Amino acid sequence: DTTTEQAGAAASGAAATERFRSRIASAAAGSDAERVDTLVTALLTATHDIIRRHKVTYEEYNALKAWLIQVGEDGEWPLFLDVWVEHVVEEVAGESREGSKGTIEGPYYVPDAPALPAEATLPMRENEAGIPLLFQGQVRSVDDGPLPAAKVEMWQADDDGFYSQFAPDLPEWNLRGTVIADGTGHFKIYTIQPAPYQIPTDGACGSLVSAAGWHPWRPAHLHLKVSAPGYQLVTTQLYFTGGAYVDDDIASAVKPELMLDPTPTGDGEHHEVTYDFVLDRA
Ligand code: MBD
Ligand code: FE
C-alpha cells in the first residue's frame, strides 16, 4: 500500500548526499573556463529575466535564499536536482543513442549490488509485501544479436515506497541486485511490484511541493542499468500501465516506451511480464 509513512527528509537526504559525493568526481567539469562562463552566464541571465518579468520582490528573494539554504541543510540537493532537472539532461544525452529508451537515474542507485545468476530472486525479506512479479527478457544489440552475460542491475522501492540504504530498518541490499544474463542474453528476475514513491514531505523539497500546490508522488517503478562489454550502458526505469501518477510524475520521467503491463499467471498469485533491452554500440 502507499501509506503516509515515509523515510524522513533528514535520513534519506543525508544518505543520498553522501552517496553522490563518494561516487562522482566533481572537479573534472570545472576545467573549461569558456564553457563555465557560457553556462553560468546563461543561467544567471535567465534568472535576471524572471525577476524583471515577474517583478520579484525582496520578500520573495529572501524566501528563495532561506529555501536554498534549507535544501543543503536537509541534504536534498540530489533529490531536488534529480526530480526537477535531470529529465532534461537525460533527454539531451539520449538524443544521440539508439536502442532502448533511457530515463533518469534518480538519487537512490547504489553500485555493486550482489551478483545474481540469470534466473534469480532479488534479495528480499521473508514475506516481503507486494504482488510477486516475474520480470524477464533478453538483452540484444542494435544489430539484433543476443548479448551473452549482459549485466542487468536492478533497484526498486518496496511495497511501502522505501529504498534500502535510504530508509531505516531495511536489510542493506533489499530489492537490489546485479543479474548476469545467460549465454543468449536472457534473464528471469523474481521480485515484487513496487508501490508509488512519495518524496519526503518533511524537508525543503516537501515545502516547495506544498507551497506550489503540487503533489509529491512518482508512479511505481523499477530502476535498471543494463550493460554489456562494447555497448553503451542504458539507465532506465519501467512503469506499470494504468498505475497511479503515470500521467503526472513529479519527476517527469515517464515515457510511452517504458510501460509494463504484467499479466496474472498460473495460480493467479503472481504477475509476469517480458521486456527486452536493446543496446547501442559503444
Ligand atoms: C525516486 O525514487 C526516483 O526514482 C527519483 C527520480 C527521484 C526521487 C525518488
Ligand atoms: Fe526511484
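Along each chain, the written sequence defines residue order, and numbers are assigned to residues from 1. Each chain is given a letter, starting from A, and each ligand a number, starting from 1, according to the order in which they appear as written. Residue-level local features of this predicted model are given only where pLDDT is at least 70; pairs of side-chain atoms are given and counted only at 80 or more, and the full residue set underlies all totals for whole chains, interfaces and linings. The basis for the side-chain values is all heavy atoms of the structure; hydrogens and waters are excluded.

Participant: Lay out empty space enclosed by the protein with the relevant residues and their values.
Facilitator: Using protein atoms alone on a 1 Å grid, points that fit a 1.4 Å probe yet trap it form a cavity, whereas open point sets bounded by protein on both sides within 12 Å along at least five of seven lines form a pocket; residues with an atom within 4 Å of a point count as lining. Grid points are joined across faces, edges and corners, and a volume is the space filled by probe spheres set on the points. This structure, assessed with the given rule, holds four cavities of 30 Å³ or more. In this structure, the second largest cavity encloses a volume near 110 Å³. Along the walls of the second largest cavity sit 16 residues, with Gly 106, Pro 107, Tyr 108, Arg 218 and His 221 positioned nearest its centre. Numbering of helices and strands runs from the N terminus; a helix is a DSSP stretch of H or I covering at least four residues, while a strand is a stretch of E covering at least two. Breaking the lining of the second largest cavity down by element, the ones donating at least two residues are helix H4 (77-84) and strand S9 (221-227). The biggest single contributor to the lining of the second largest cavity is H4, with three residues. Each residue gets one label: Ala, Val, Leu, Ile, Met, Phe, Trp, Tyr, Cys and Pro are nonpolar, Asp, Glu, Lys and Arg are charged, and the others, such as Gly, are polar. Partitioning the lining of the second largest cavity into residue classes produces nine nonpolar, four polar and three charged.

Participant: Let's hear about the site of ligand 1: which residues, and what values?
Facilitator: Whether a residue is near a molecule or strand depends on its heavy atoms: it is near if one of them lies within 4 Å of it. All residues in the neighbourhood of ligand 1 are listed as Leu 79, Val 83, Ile 104, Gly 106, Pro 107, Tyr 108, Tyr 163, Tyr 197, Arg 218, His 221 and His 223. N or O atoms within 3.5 Å of each other form a polar contact, as long as, within protein, one can give a hydrogen and the other can take it, and as long as residues adjacent in sequence are counted only when both atoms are side-chain atoms. In the model, an oxygen atom of ligand 1 is placed 2.9 Å from a nitrogen or oxygen of the Tyr 163 side chain. The separation between an oxygen atom of ligand 1 and a polar side-chain atom of His 223 is 2.9 Å. Protein contacts shield 100% of the accessible area of ligand 1, which totals 260 Å² for the unbound molecule. Breaking the shell around ligand 1 down by element, the ones donating at least two residues are H4 and S9. Considered class by class, the residues forming the shell around ligand 1 number seven nonpolar, three polar and one charged. Residue burial considers only the protein chains on display, and all accessible areas are found by Shrake-Rupley using a 1.4 Å probe.

Participant: How would you explain a nonpolar patch on the surface if you had to name every residue and give the values?
Facilitator: A contiguous nonpolar surface patch, about 480 Å² in accessible area, is contributed by Leu 64, Leu 68, Trp 77, Leu 81, Val 85 and Val 89. Of all the elements in the fold, those that place two or more residues in the nonpolar patch are helix H3 (58-73) and H4. For Leu 68, the location among the structural elements is in helix H3. Judged by relative accessible area, Leu 68 falls into the partly exposed class, the value being 34%. Any residue with relative accessible area above 30% and no salt bridge may belong to a patch, with like charges joined within 9 Å and the nonpolar Val, Leu, Ile, Met, Phe, Trp and Tyr side chains within 5 Å. Salt bridges, as used here, are contacts in which a Lys or Arg side-chain nitrogen is within 4 Å of a carboxyl oxygen on Asp or Glu. Note on exposure labels: buried denotes an accessible area under 20% of the residue type's maximum, exposed denotes more than 50%, and partly exposed covers the range between, all computed with a 1.4 Å probe on protein chains only.

Participant: Describe the sheet that holds strand S4 (residues 151-156), with residues and values.
Facilitator: The strand order S1-S5-S4-S9-S10-S11 describes an open sheet built from six strands, whose pairing is mixed. With one partner strand each, in any of the chains shown, strand S1 (115-116) and strand S11 (259-260) form the two edges of the open sheet. A pair of strands is labelled paired if DSSP reports no fewer than 2 bridges between them. Pairing of S4 with S9, which is carried by six bridges, proceeds in the antiparallel orientation. By the bridge assignment, Met 154 is partnered in S9 with Leu 224.

Interpretation note: all reported values are geometric properties and have no functional meaning in isolation.
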